[in-house]
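Letter by letter, the chains look like this.
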Amino acid sequence: MTPAAPLGRRTLLALGTAPLALPALAHPPRGALGRILSQGVLRAGVWLDSPPFGYFGPDGQPAGMEVEAARDIARSLGVRLQLVPLGFGDRTAAVSLGHVHLACAAIIITPERLRRVAFAHPHGRLTTLLATTGSRPVSSLAELRGRRVLVRSSTIHEATRRLPAGTDIVVVDEYEQGLRAMQAGDAAAMALPEPAFRRLSLEHPNALLYPVAVLGDPPYGVALPLGEPDLLRFLNTWVFLREDDGSFAAWHERFTGAPRTPMSRL
Amino acid sequence: MASAHAGNHGEALGRILDQRRLRIIARLDMPPLGYRDDRAEPAGFDVAIGRMLAEGLGVEPVFVETLTADAFTRMSQGEGDIICHVPLGVRAARQALLTAPCGRVYLSLASPGWLPFRRPSTLDGHAVGLLAGGESEAMVSEALPSGSRLYGFATLSGLSAALLAGRIEAMVVPRPALAPLQRGIPQLDLTHRFDLAPRWISIGLPFGEHDLLRALNSLIFLARTQGRLAALSEALLGLPQPELPSF
């Protein structure tokens, strides 16, 4: 018996990465998954003002954990990727209005958002810390009553959930702005994501930034439109596989320099 | 009451229950995973999983024999309701809905006794055969050096014949399938060299059939928590079953 011609690297690779040509099937995927596969392109919303989740790298190209996730989803689907930058406040609306097929934008899963979009199984947690500077005018949350705490709009949800009533919450545009305000004595503390805390600590060692408490550790996931069960199942399968093969951990280590706590697999 | 035509989305579970049969697409040429016993009846681990799911649905199992490369096509053309033994991977996930895992199997490389390939790197420049179709091709391609020549075969008998004839120098097969091969071609002194990677094994079903997916996932969950999956793995594959994740 003559064996088949060598499969060869190119053929094998093409099977894994080339756009899938759907045969005339009795059960092709419907909805968004069907359109993505038949059109050969995935429109993925990303938030590029949120290192290490999404930002512009030194080469001017989008980079970050969530950008990497979007790239991998497109690779897994065997389609081209079209990244669509989204503002913080636009992320779920872009999904529910169909401007993007899905969003990889560190969107925290909340009951309110679940009424508007669906989420794949979470693939990360967004730890929000309350931090103060070296003079440490604050050592517990209870001491914040009547005092000023700085937040960015992205952390305001977690901040307002845990801070005591009577805390003066002020929104700042940048964490550096908040750090300067704390050093000047204009604020007692600031709520910020753990990656931002680590970055500020490294870039401003003299500020002696110190964590007071964990304000929240909510999960985030890929957001997709409601009513897309085939796409949802594909994404849940993808999350399972990438958790299992260590991809999420590798991306976390690459973009934050720190190890990642595995997500529960139920 | 007869169900609607098989081609309509979301009606597979109703049709299966109405017709009182579950059509299961499976390989039957790879003992102990799937094969025909002395009475020519389907047997093996994959067959046992299929029978268990049919029992859970309260219907009769009907096995549709196939080759790996044909399985998705045959299901999409309505020849079967589910596919047994689908390695979990993104390529499979864009061809069908996949259940939570019901088992795990390693892909292993084996070679004749006089060709001791002890590590993947030693296969550079050598011919390796594997069963075509499915996630295995991509997995093997990533695991072996780019200089190795990979040949795909539709059947296990074709793969064995090529190894006997010296047209390939090693083969990649699921680990449980190795022992029957060793007994079948003793003149080769077929020897296990190393494992490539573990594969979670799931059930494949057509897109749009989410009621059926939920039913199968529930049955797999029950079988897992009741110890039935572990017992099947031990009895039919000779393998202890790892903790099975769910999603």
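Residues numbered from 1 in each chain as written. Chains lettered and ligands numbered in written order. Predicted model: local features only at pLDDT ≥ 70, side-chain atom pairs only at ≥ 80, totals over all residues. Heavy atoms only, no water.

A look at helix α9 (residues 228-237) of chain B
All names here are of chain B. For α9, the set of buried residues is L229, L232, S233 and L237. Projected down its long axis, α9 shows its buried positions confined to an angular sector of 100°, all on one face. Contact partners of the buried residues in α9: α2 (45-57) and α8 (210-225). Following α9 by one or two positions, G238 has its phi on the positive side, about 70°. (Buried < 20%, exposed > 50% of the residue type's maximum accessible area, 1.4 Å probe, protein only. Helix = DSSP H or I, 4+ residues; strand = E, 2+ residues; numbered from the N terminus. Arc of directions from axis to C-beta. Contact = heavy atoms within 4.5 Å.)

Things to note about the environment of L22 of chain B
Residue and element names in this part refer to chain B. By the secondary structure assignment, L22 is in strand β1 (residues 21-26). Expressed as a C-alpha distance, the spacing of L22 and V62, which sit 40 residues apart in the sequence, is 5.9 Å. Apart from the residues within four sequence positions on either side, L22 is in contact with I16, G50, L53, A54, L57, V59, E60, P61, V62, D81 and I82.

Description of the packing of aromatic side chains
For the coordinates displayed, the defined rule picks out seven aromatic pairs over all chains. Where F53 of chain A meets Y220 of chain A, the ring centres are 5.6 Å apart and the plane angle is 85°; that geometry is what we call edge-to-face. Of this pair, F53 of chain A sits in the loop between β1 (41-46) and β2 (55-56) while Y220 of chain A sits in strand β13 (residues 219-224); the two residues are 167 residues apart in sequence, bridging distant segments of the chain. Here the two residues F53 of chain A and Y220 of chain A agree in accessibility, since each one is buried. Their ring planes at 15° and their centres at 4.8 Å tell us that F240 of chain A and F247 of chain B sit as a pair that is stacked. Placement of the pair is F240 of chain A in helix α9 (residues 229-244) and F247 of chain B in the segment after α9, with the two residues belonging to separate chains. Like F240 of chain A, the residue F247 of chain B is buried in the burial classification. Among the aromatic residues, those joined into a cluster by ring pairs are W238, F248 and W251 of chain A. The positively charged end of R91 of chain A is found above the aromatic ring belonging to W47 of chain A, 4.7 Å away from the centroid. Sitting above the plane of the W200 of chain B ring, R104 of chain B keeps its charged end 5.3 Å from the centroid. (Phe/Tyr/Trp six-rings, centres within 6.5 Å; stacked < 30°, edge-to-face > 60°. Lys NZ or Arg CZ within 6 Å of the ring centre and 35° of its normal.)

What to know about α8 of chain B
Given a rise of 1.5 Å per residue, 16 residues ought to cover 22 Å, and the 22 Å separating the end C-alpha atoms of α8 of chain B matches this to within 8%. One or two positions beyond α8 of chain B, positive phi appears at G227 of chain B, with a value near 85°. (Expected span 1.5 Å × (residues − 1).)

Here's the deal with the pattern of salt bridges
Residues and elements named next belong to chain A. This structure, assessed with the given rule, holds 24 salt bridges over all chains. R198 serves as the salt-bridge partner of E194, at 3.8 Å between the closest nitrogen and oxygen. Residue E194 and its partner R198 are located together in helix α8 (residues 194-203), separated by four residues, close to a single helical turn. Overall, E194 belongs to the partly exposed group, its relative accessible area being 31%. Take R198: its relative accessible area is 25%, and that puts it in the partly exposed class. Among the ionic contacts, a cluster of salt bridges with common partners joins E68, R71, D72, R75, R242, D245 and R254. (Salt bridge = Lys/Arg side-chain N within 4 Å of Asp/Glu carboxyl O.)

A closer look at the packing of α2 of chain B against α8 of chain B
Axis angle and axis distance: for two packed helices, these are the angle between their axes and the distance between the axes, and together they describe the pair. Residue and element names in this part refer to chain B. Following both chains from N to C, one finds α2 and α8 inclined at 110°, their axes separated by 10 Å at the closest point. One way to sum up the angle between α2 and α8 is to call them roughly perpendicular. Crossing angle aside, the handedness with which α2 passes α8 is right-handed. Contact residues: α2 offers M52, L53, G56 and L57, while α8 offers L212, A215, L216, L219, I220 and A223. By residue class, the composition of the contact of α2 with α8 is nine nonpolar, one polar and no charged. (Axes fitted to C-alpha atoms, helices over the stretch in contact; angles between N-to-C directions. Parallel < 35°, antiparallel > 145°, perpendicular 65-115°, else oblique. Left-handed = near helix turned anticlockwise from the far one by under 90°. Nonpolar A, V, L, I, M, F, W, Y, C, P; charged D, E, K, R; others polar.)

Focus: the nonpolar core
Counting residues in each nonpolar core, the largest one holds 110 residues, and the members touching the most others are W238 of chain A together with L53 of chain B. Broken down by element, this core gets its largest block of residues, eight residues, from α2 of chain B. Residues lining this core come from more than one domain, with at least three contributed by each of domain 1 (2-104 + 200-237) and domain 2 (106-198) of chain B. If near-sequence neighbours (up to four positions away) are discounted, L53 of chain B is found in contact with L22, I82, I203, L216, L219 and I220 of chain B. (Core = buried A, V, L, I, M, F, W, Y, C linked by side-chain atoms within 4.5 Å. Domains from an automatic or database assignment.)

Focus on the domain arrangement of chain B
Residues and elements named next belong to chain B. Considered domain by domain, chain B is made up of domain 1 (2-104 + 200-237) and domain 2 (106-198). Each of domain 1 and domain 2 has a C-alpha centre, and these two points are 26 Å apart. Taken together, the contact pairs 18 residues of domain 1 with 15 residues of domain 2. Notably, a salt bridge pairs E137 with R91, separated by 3.9 Å at the nearest N-O pair. Remark: the boundary between domain 1 and domain 2 carries two residue pairs in polar contact (both at pLDDT 80 or more). (Polar contact = N/O pair within 3.5 Å; in protein donor to acceptor, adjacent residues only side chain to side chain.)

Quick notes on the sheet that holds strand β11 (residues 189-193) of chain A
Residue and element names in this part refer to chain A. Overall, mixed pairing links the five strands, which are arranged β10-β9-β11-β8-β12 in an open sheet. Sheet topology places β10 (168-171) and β12 (210-216) at the edges, where each strand pairs with a single neighbour. On average, each strand axis in the sheet is inclined to that of its neighbour by 30°, with strand direction left out of account. Bridge count between strand β8 (residues 128-132) and β12: five bridges; the pairing is antiparallel. When the bridges of β12 are listed, T128 appears paired with G216. Across the face of the sheet, helix α7 (residues 175-183) comes into contact with β8, β9 (148-151) and β11 while running at roughly 155° to β11. (Pairing = 2+ DSSP bridges.)

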